[in-house]
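Commentary on secondary and tertiary structure
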Amino acid sequence: PEPVDIVATAQADADLSVLVEALTAADLVTTLKGPGPFTVFAPTDAAFAALPAGTVEDLLKPENKDKLVAILTYHVIPGAVMAADLTEGQKAATVNGAEVTITLEGGAKVNGAVISATDIAATNGVIHVIDSVILPPM
């Protein structure tokens, strides 16, 4: 298939529907359709479902938009970082401003979240699918 932007790529993946809903609620769709490039660590629907009951519903409320934006931008790194570029103990500044840490022992992880699918190409960056939602330091 012809590559499309990060948002359209996520929309085409049935396992990323909660992420797409969250990006929409956070008004980040326009940003992630922008020129980028961006690297997105995309939690699956199962990852969002694993959060404590009611968390996702709360985050999607308009009054919690700032918190939602903070969490989602913690999953985005400026630039296109392919799986082969990841190194053990690598620190990467996110769009949120806080850093994530990459580990490779026993399989690639970001802040302990397993990277289950890598290098999903988009016209404005790359998506790596992860198995849990990573939360920025408060």
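Digging into the pattern of salt bridges
On inspection of all chains with the given rule, the structure shows 3 salt bridges. One salt bridge connects lysine 65 with aspartate 27, and the closest N-O pair in it is separated by 2.7 Å. With a gap of 38 residues between them, lysine 65 in helix 6 (residues 65-73) and aspartate 27 in the loop between helix 2 (17-25) and helix 3 (29-32) connect regions that are remote in the sequence.

Regarding the sheet that holds strand 7 (residues 125-130)
A sheet is described by the order of its strands in space; here 7 strands give the open sequence 2-1-7-6-5-4-3, paired in mixed fashion. The open sheet has two edge strands, strand 2 (76-78) and strand 3 (91-93), and neither has a second partner.

Topic: helix 2
For helix 2, every residue scored as buried is listed here: Val18, Leu19, Val20, Ala22 and Leu23. In this fold, the buried residues of helix 2 make contact with helix 1 (6-11), helix 3, strand 1 (38-43), helix 4 (45-49), helix 5 (55-59) and helix 6. Of the residues trailing helix 2, aspartate 27 is marked for its positive phi of about 60°.

Calculation notes
- Residues numbered from 1 in each chain as written.
- Predicted model: local features only at pLDDT ≥ 70, side-chain atom pairs only at ≥ 80, totals over all residues.
- Heavy atoms only, no water.
- Salt bridge = Lys/Arg side-chain N within 4 Å of Asp/Glu carboxyl O.
- Helix = DSSP H or I, 4+ residues; strand = E, 2+ residues; numbered from the N terminus.
- Pairing = 2+ DSSP bridges.
- Buried < 20%, exposed > 50% of the residue type's maximum accessible area, 1.4 Å probe, protein only.
- Contact = heavy atoms within 4.5 Å.

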